[in-house]
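The chain contents come next:
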Amino acid sequence: MYWAKMKTVIIQYNAGNIQSVLYALERLGTTAMVTDNPEIIKTADKVIFPGVGEASTAMAYLQERQLNKLVLSLTQPVLGICLGMQLMCAYSEENDTQCLGIFNEQVKLFSPSQPSEKVPQIGWNTITNLKTPLFNGVAENSFAYFVHGYYAALGEHTIGVTDYIQPYSCALQKNNFYGVQFHPEKSASVGEQIIKNFLEL
Amino acid sequence: MLTKRIIPCLDIKDGRTVKGINFEQIRDAGDPIELGAFYAAQGADELVFLDITATVEKRKTLSELVNKIAHRINIPFTVGGGIKSEEDVSILLQNGADKISINTAAFLDPTIIKSFSKNFGSQCVVLAIDAKCEDDGNWYVYLNGGRKKTDTLVMDWAKQAVDLGAGEILLTSMNHDGTKQGFALTITEQLASSLPVPIIASGGGGTEAHFYDVFTKGKADAALAASIFHYKEIAIPDLKNYLTQKGINIRK
């Protein structure tokens with residue numbers, strides 16, 4: 001595991017689940033620094049951009065600290081998780097928020113058509129049409145854990161598809177930027193494989 | 001498709017699981033971390049840890065335990081028991097809990113549902129309701145671990161809680177809990193069909209067929225059970241195979 005000694009950072013901002021990502025890395029035998037220090041983030045080998053929370057508040061926080069520009073300037077592999085992935089998209093309907101615009105996909109609110117379709121989606125769903133080395137060794141129709149009320153539409157950067165109410169992007173990629181809607185840090189062995197793959201990019 | 005969830009519940013007292021018996025695969029079923037990891041490896045979709053420790057002093061050790069659980073377990077877990085303040089929630093989430101469960105404290109002060117969901121997100125606020133069907137045929141909310149009756153109907157309270165920001169409802173039927181005669185299908189179905197958030201059914205699961213019923217007739221999104229898993233009456237892999245064969249969408 002050459003990546004065990006790699007310098008991985010988790011961007012610290014006002015969105016939850018950061019500890020869970022750190023613990024998942026520790027279970028894989030590596031670690032990460034949780035920081036909002038631009039110099040440390042810039043020089044990291046890998047950058048994880050996590051997040052659970054609300055889009056406009058998170059974007060405002062990132063802008064206040066100029067972290068939005070920093071993320072855009074990164075050239076090493078970056079992995080957005082959940083809200084982190086949504087913030088890497090162009091726009092979110094969640095409180096009408098302009099996001100980072102790395103992926104030109106739009107983030108929309110699920111609109112259920114029957115009572116059994118609960119919003120947010122909470123639970124395990126399948127991931128399909130998996131592309132890029134991020135999903136090396138991950139079988140089609142593997143299960144991942146999702147918690148979200150908004151979804152990224154399908155588009156040119158889609159590298160994974162999940163179906164809930166309608167098909168949407170469960171993963172996106174453009175150049176060095178990767179994003180997953182599900183929580184790999186909570187997705188059992190499937191999630192561990194995806195985190196490992198990211199560290200090996 | 002989104003799957004139905006199977007959730008073992010571990011009651012914790014003074015840092016130890018209660019009711020747990022020994023499994024061949026684990027050394028110490030009284031250790032919540034060992035038992036939780038065992039269930040995760042068996043295919044549990046989530047875990048609930050409910051702290052029933054009586055005293056506030058001893059409860060402080062809960063955050064340390066949660067931290068150890070979060071280090072070990074690679075599936076989501078909820079922590080409940082005595083949570084009253086934003087500080088309580090913040091400490092548990094910082095230590096790695098994915099969700100917190102609130103019950104009596106939320107009923108006595110419903111504004112905490114709003115403040116918790118605003119500050120931490122609805123997705124981590126699970127409202128637990130202890131429900132009992134009385135002779136008049138109505139389901140009432142009970143407090144203090146089922147010791148105190150209220151005059152509030154379960155449906156009214158659940159609706160109010162969802163409006164305030166509860167992200168999931170964990171419904172325990174006191175009439176069914178411990179009976180192993182099946183879940184409370186009618187009230188579960190009523191909540192599931194009228195509320196926009198997932199319903200976790202709890203109480204009464206005794207056979208594999210009971211789980212099938214609560215997912216089909218009860219329309220539950222998840223089913224929670226404790227002793228049938230702790231006493232090895234049903235193994236999670238067998239239950240999941242059974243439900244899959246019956247056409248229920250289940251994670252394997």
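Residues numbered from 1 in each chain as written. Chains lettered and ligands numbered in written order. Predicted model: local features only at pLDDT ≥ 70, side-chain atom pairs only at ≥ 80, totals over all residues.

S.K.: Talk me through the interface of chain A and chain B; I want residue IDs and the actual numbers.
M.R.: Counting residues at the interface gives 28 residues for chain A, matched by 26 residues for chain B. Of all the secondary-structure elements, those providing two or more residues to the side of chain A that touches chain B are α1 (18-27), β8 (121-127), β9 (142-148), β11 (158-164) and α6 (188-199) of chain A. Counting residues per element, the side of chain A that touches chain B draws most heavily on α1(A), which supplies six residues. Taken together, the residues of the side of chain A that touches chain B sort by class into 13 nonpolar, nine polar and six charged. (Contact = placed C-beta atoms within 7 Å. Helix = DSSP H or I, 4+ residues; strand = E, 2+ residues; numbered from the N terminus. Nonpolar A, V, L, I, M, F, W, Y, C, P; charged D, E, K, R; others polar.)

S.K.: Outline the pairing of strand β13 (residues 177-180) of chain A, listing residues and values.
M.R.: Residues and elements named next belong to chain A. Neither face of β13 is exposed, since F177 and G179 on one face and Y178 and V180 on the opposite face are all buried. Pairing of strand β4 (residues 78-81) with β13, which is carried by four bridges, proceeds in the parallel orientation. Bridged to L79 within β13 is Y178. The pairing of strand β12 (residues 166-174) with β13 spans four bridges and is classified as antiparallel. By the bridge assignment for β13, Q173 is matched with Y178. Linking two consecutive strands that pair antiparallel, namely β12 and β13, is a turn of two residues; a positive phi of about 50 degrees is found at N175 within it. (Buried ≥ 20, exposed ≤ 12 C-beta atoms within 10 Å, placed from the backbone. Pairing = 2+ DSSP bridges.)

S.K.: Break down the nonpolar core for me, citing the residues and quoting the values.
M.R.: B:L47, B:L127, B:I169 and B:A223 are the most contacted members of the largest nonpolar core, which has 146 residues in total. For B:L127, the residues in contact, after removing those within four places along its chain, are B:I102, B:A106, B:I113, B:A161, B:A166, B:I169 and B:L170. (Core = buried A, V, L, I, M, F, W, Y, C linked by C-beta atoms within 7 Å.)

S.K.: Residues and numbers for α6(A), please.
M.R.: Residue and element names in this part refer to chain A. Compared with an ideal rise of 1.5 Å per residue, which puts twelve residues at 16 Å, α6 spans 17 Å between its outermost C-alpha atoms and is within 8% of the ideal. The complete set of buried residues in α6 reads A188, V190, G191, Q193, I194, I195, F198 and L199. Looking at the packing, one finds that the buried side of α6 touches β1 (8-11), α1, β3 (46-49), β4, β9 and β13. (Expected span 1.5 Å × (residues − 1).)

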